[in-house]
Amino acid sequence: MERTRLTAAEPRGTGSLEGMGAEPIASSQRVANVMRGNRSRDTAPELSVRRLLHARGRRFRVNLRPVASLRRTADIVFTRHRIAVFIDGCYWHGCPEHYVASRTNEEYWLPKIKANATRDEDTTMKLRSAGWIVLRYWSHVPPEEVVDSILAHLPRADSAPSTNPSAHQEASEPHRPG
């Protein structure tokens, strides 16, 4: 079977493969097309959550580095409240409920998914130590539940943001319902 290699010139949308060694080799042209179509931002779960937050009067930044010196990008960021929201895809981040390991190219994908999960933990730790509240949700969680959880961490829309950084420390535990 001929395998198709994605080149650096072709968009992958799955983020950097930095430190991962060899590029992934698609087992067929169909797989190469699927890999090319995977998005790193503006996924359906993200868009659903953003629409609901906007409909509830909340404004936020999208696809932003909460800490400029940290090469990690959050999906939704409430800069005034120092809240970073990540909506993690079940496959790419190894959801314990839905992740199914690839049957082809296992030598590439297994370490890749493990590295993603390790990077997620590292990102959460670094952002928390910088005073941020980090909220992580699996992409399979219904958008309404995600929005309700996010809003529970935000002050009411008609009140001013808290200026007390210690007020954010208690709520910084990760929240992955379902």
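Refer to the structure presented above.
The present account deals with the structure reproduced in this document. All chains use their own residue numbering, which begins from 1 and follows the written sequence. With pLDDT at 70 or above as the cut-off, local features in this predicted model cover only qualifying residues; side-chain atom pairs require 80 or more to be listed or tallied, and sums for whole chains, interfaces and linings still use all residues. For the side-chain quantities, the full set of heavy atoms in the structure was used; hydrogens and water were omitted.

### Focus on the sheet that holds strand β6 (residues 133–138)
The 4 strands lie next to each other as β3-β4-β5-β6, forming an open sheet whose pairing is mixed. Among the strands making up the open sheet, the edge pair consists of β3 (61–64) and β6. Each adjacent strand pair in this sheet contributes to an overall mean axis angle of 30 degrees, direction not counted. Of the strand pairs in this sheet, β3 and strand β4 (residues 74–78) are connected by 3 bridges, and their pairing is antiparallel. Looking at the pairing, L64 lines up with A74 of β4. By definition in these notes, contact holds between two residues if any of their heavy atoms fall within 4.5 Å. Here, axes are lines fitted to C-alpha atoms. For helices the fit covers the stretch in contact, and angles between N-to-C directions go from 0 to 180 degrees. Working definition: helices are DSSP H or I runs of at least four residues, strands are E runs of at least two. Numbering for both runs from the N terminus. Running at roughly 15 degrees to β4, helix α2 (residues 44–55) makes contact with β3, β4 and β5 (83–88) of the sheet. Across the sheet, helix α4 (residues 143–153) is in contact with β4, β5 and β6; its angle to β6 comes to roughly 170 degrees. Strand pairing is defined by DSSP finding a minimum of two bridges between the two strands.

### Details of unusual backbone geometry
Phi is positive for D42, which is not a glycine, with a value near 60 degrees. With respect to the helices, strands and loops of the structure, D42 is situated in the loop between α1 (29–37) and α2. With phi around 60 degrees, N105 is a residue other than glycine that occupies positive phi space. Examined against the element boundaries, N105 turns out to sit in the loop between β5 and α3 (106–129).

### Observations concerning the packing of α2 against α4
Interhelical geometry of α2 versus α4 gives an angle of 50 degrees and a closest axis separation of 9 Å. Relative to α4, the element α2 lies oblique. In this structure, α2 crosses over α4, and the sense of that crossing is right-handed. Residue-level inspection shows S48, V49, L52 and L53 of α2 in contact with α4, the latter providing P143, E144, V146, V147, I150 and L151. Broken down by class, the residue content of the contact of α2 with α4 amounts to 8 nonpolar, 1 polar and 1 charged. What sets the label is the angle itself: under 35 degrees gives roughly parallel, over 145 gives roughly antiparallel, 65 to 115 gives roughly perpendicular, and the rest give oblique. Crossing handedness is read from the near helix: turned anticlockwise from the far helix by less than a right angle, it gives a left-handed crossing, and turned clockwise, a right-handed one. Basically, the charged four are Asp, Glu, Lys and Arg, the nonpolar ten are Ala, Val, Leu, Ile, Met, Phe, Trp, Tyr, Cys and Pro, and anything else, Gly included, counts as polar.

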